[in-house]
Amino acid sequence: TRYFFMDQRFQNTLVFNPTKLFRRWQDFYHLLFNLFFYEIDMLYFGNHLLKKQVLSLNWLSSNRIQHLWSYAQPYLYQRPNALDSEAGWIFHYLTTLNFNIAFVFDGIFHRMTLHYLHRWGFYTIGSVAITQDLYSINFALPVAAESLTMHLFCLRLVSHLKQSSEGYRFQSYQDYWSLR
């Protein structure tokens, strides 16, 4: 398979390689750290249980989408989008605002949203249960199961990485100014 930590064996038995699985988690950590360090804007999509957290992440990520609420309710990020001709315009508009990365906390809940994100060229990042389609998200973080606890863990991981990358960036600026 694509991820190399999972292999099909005799009679469809799954075999895991913990070293490669751990390396995938490290790659996920480094990818998010670099996205936050270089201040690359990202959209966040979650389910209705994480409504306030996802909305606050989207408001903090960029000032470019705050005027978008006059056209669409902020519930775009908490509800699954239906496949129709009118739902795609918002994703087209987000691409004109130079958004091209989306973090999806719940891939099952947002499978139609993932369709639109991939259709409009977004690079998607998120957690996917090992028993589900690992190809539904471009950079999938393999987790044991889709649950609220796992979504809260990923939310905490994102907020921790955002905070630590800002601290590291501040430290690098401080070191730069002390050299002068």
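It should be noted that the structure appears before, not after, this text.
Read on for an overview of the structure. Just so you know, these numbers come straight off a predicted model, no measurement behind them.

1. Concerning the overall build of the protein chain
Each helix and strand in the protein chain was counted, giving five helices and six strands. In the protein chain, the order of α-helices and β-strands from amino to carboxyl end is β-β-α-β-α-α-β-α-β-β-α. In the protein chain, which comprises 180 residues, the share counted as buried stands at 42%. A fraction of 59% describes how many contacts in the protein chain between residues 6 or more apart in sequence connect residues 24 or more apart. Summing over all exposed atoms, the protein chain offers an accessible surface of approximately 10,600 Å²; the carbon and sulfur share of this is 58%.

2. Overview of the nonpolar core
Counting 24 residues, the largest nonpolar core has L32, M42, Y44, F103 and F105 as its most contacted members. Taken together, the elements giving at least two residues each to this core come down to α1 (18-37), α2 (51-61), β4 (101-104), β6 (139-143) and α5 (148-179). Not counting the four nearest positions on each side in its chain, L32 is found in contact with M42, F103, V158 and L161.

3. Looking at the pairing of strand β5 (residues 123-129)
Counting buried residues in β5 gives six out of seven residues, a clear majority hidden from the surface. The pairing of β4 with β5 spans four bridges and is classified as parallel. Looking at β5, one finds that F103 is bridged to I125. Crossover handedness for the path β4 to helix α4 (residues 111-119) to β5: right-handed. In the sheet, β5 pairs with β6 via five bridges, with the strands oriented parallel. In the strand pairing of β6, G126 is matched with A140.

4. Here we look at the sheet that holds β4
Strand order across the open sheet formed by four strands is β3-β4-β5-β6, with parallel pairing between neighbours. Edge positions in the open sheet fall to β3 (43-45) and β6, since each of these has one partner strand only. Going across the sheet, the axis of each strand differs from the next one's by a mean of 20°, ignoring polarity. Each of β3, β4, β5 and β6 touches α1; the most contacted strand, β6, lies at about 130° to it.

5. Let's talk about the side chain of K162
The residue K162 is located in helix α5 in this model. Among buried charged residues, K162 stands out as having no salt bridge; its nearest opposite-charge side chain is E166, 4.8 Å away. Leaving out residues up to four positions away in the same chain, K162 has contacts with F36 and Y44.

6. Concerning the side chain of T124
By the element assignment, T124 lies in strand β5. Its relative accessible area of 0% is what places T124 among the buried residues. At 3.0 Å, the side chain of T124 forms a polar contact with the side chain of H118.

7. What to know about unusual backbone geometry
At E39, a residue that is not glycine, the phi angle is positive and equals roughly 55°. Within the secondary structure, E39 sits in the loop between α1 and β3.

8. A word on α4
When α4 is considered as a whole, its buried residues turn out to be T113, L114, Y116 and L117. Buried positions in α4, seen along its axis, are confined to an arc of 160° and lie on one side of it. Opposite the buried face of α4, by more than 90 degrees, sit the exposed residues R111 and R119. Turning to α4, the residues buried within the fold contact β3, α3 (88-96), β4 and β5. Residue G121 follows α4 closely and has a positive phi angle near 85°.

9. With respect to the packing of α1 against α5
Contact geometry for α1 and α5: axes closest at 8 Å, N-to-C directions at 55°. What the angle tells us is that α1 and α5 run oblique. For the pair α1 and α5, the sense of crossing is right-handed. The segment α1 lies against α5, with W25, F28, Y29, L32, F33, F36 and F37 engaging F153, L157, V158, L161, K162, S164, S165, Y168, R169 and S172. Class assignment of the residues belonging to the contact of α1 with α5 gives a composition of 12 nonpolar, three polar and two charged.

Quick notes on the rules
- Each residue is numbered by its place in its chain's sequence as written, counting from 1.
- Local features are withheld for residues below a pLDDT of 70 in this predicted model, meaning they are given only at 70 or higher, and side-chain atom pairs are given and counted only at 80 or more; totals for whole chains, interfaces and linings count all residues.
- Hydrogens and water are ignored here; the side-chain numbers use all heavy atoms of the structure.
- Helix and strand definitions follow DSSP, with helices as H or I runs of at least four residues and strands as E runs of at least two, each counted in order from the N terminus.
- Partly exposed residues are those whose accessible area sits between 20% and 50% of the maximum for their type, while under 20% is buried and over 50% is exposed, using a 1.4 Å probe and protein chains only.
- Contact criterion: two residues are considered in contact whenever any of their non-hydrogen atoms come within 4.5 Å of each other.
- With residues, only the protein chains shown are counted as cover, and all accessible areas are computed by Shrake-Rupley using a 1.4 Å probe.
- Put simply, buried Ala, Val, Leu, Ile, Met, Phe, Trp, Tyr and Cys residues joined by side-chain atoms within 4.5 Å make one nonpolar core.
- Paired strands, in this sense, are two strands between which DSSP finds at least two bridges.
- Clockwise travel from the first strand over the helix to the second, with the strands pointing away from the viewer, marks a crossover as right-handed.
- As a rule, the C-alpha atoms of each element are fitted with a line to give its axis, helices using only the stretch in contact, and angles between N-to-C directions run from 0 to 180 degrees.
- Asp and Glu count as negative and Lys and Arg as positive, but His and the ends of the chain are not part of the count.
- The salt bridge definition used is simple: a Lys or Arg side-chain nitrogen within 4 Å of an Asp or Glu carboxyl oxygen.
- Under the rule applied, a polar contact is a pair of N or O atoms within 3.5 Å (in protein, one hydrogen donor and one hydrogen acceptor; residues adjacent in sequence only if both atoms are side-chain atoms).
- When we speak of the arc, we mean the arc of directions from the helix axis to the C-beta atoms.
- Every angle not falling under 35 degrees, over 145, or within 65 to 115 is termed oblique; those three ranges are roughly parallel, roughly antiparallel and roughly perpendicular.
- Definitions for this section: a left-handed crossing has its near helix turned counterclockwise from the far helix by less than a right angle. A right-handed crossing has that turn clockwise.
- Polar here means any residue outside two lists: the nonpolar Ala, Val, Leu, Ile, Met, Phe, Trp, Tyr, Cys and Pro, and the charged Asp, Glu, Lys and Arg; Gly therefore counts as polar.

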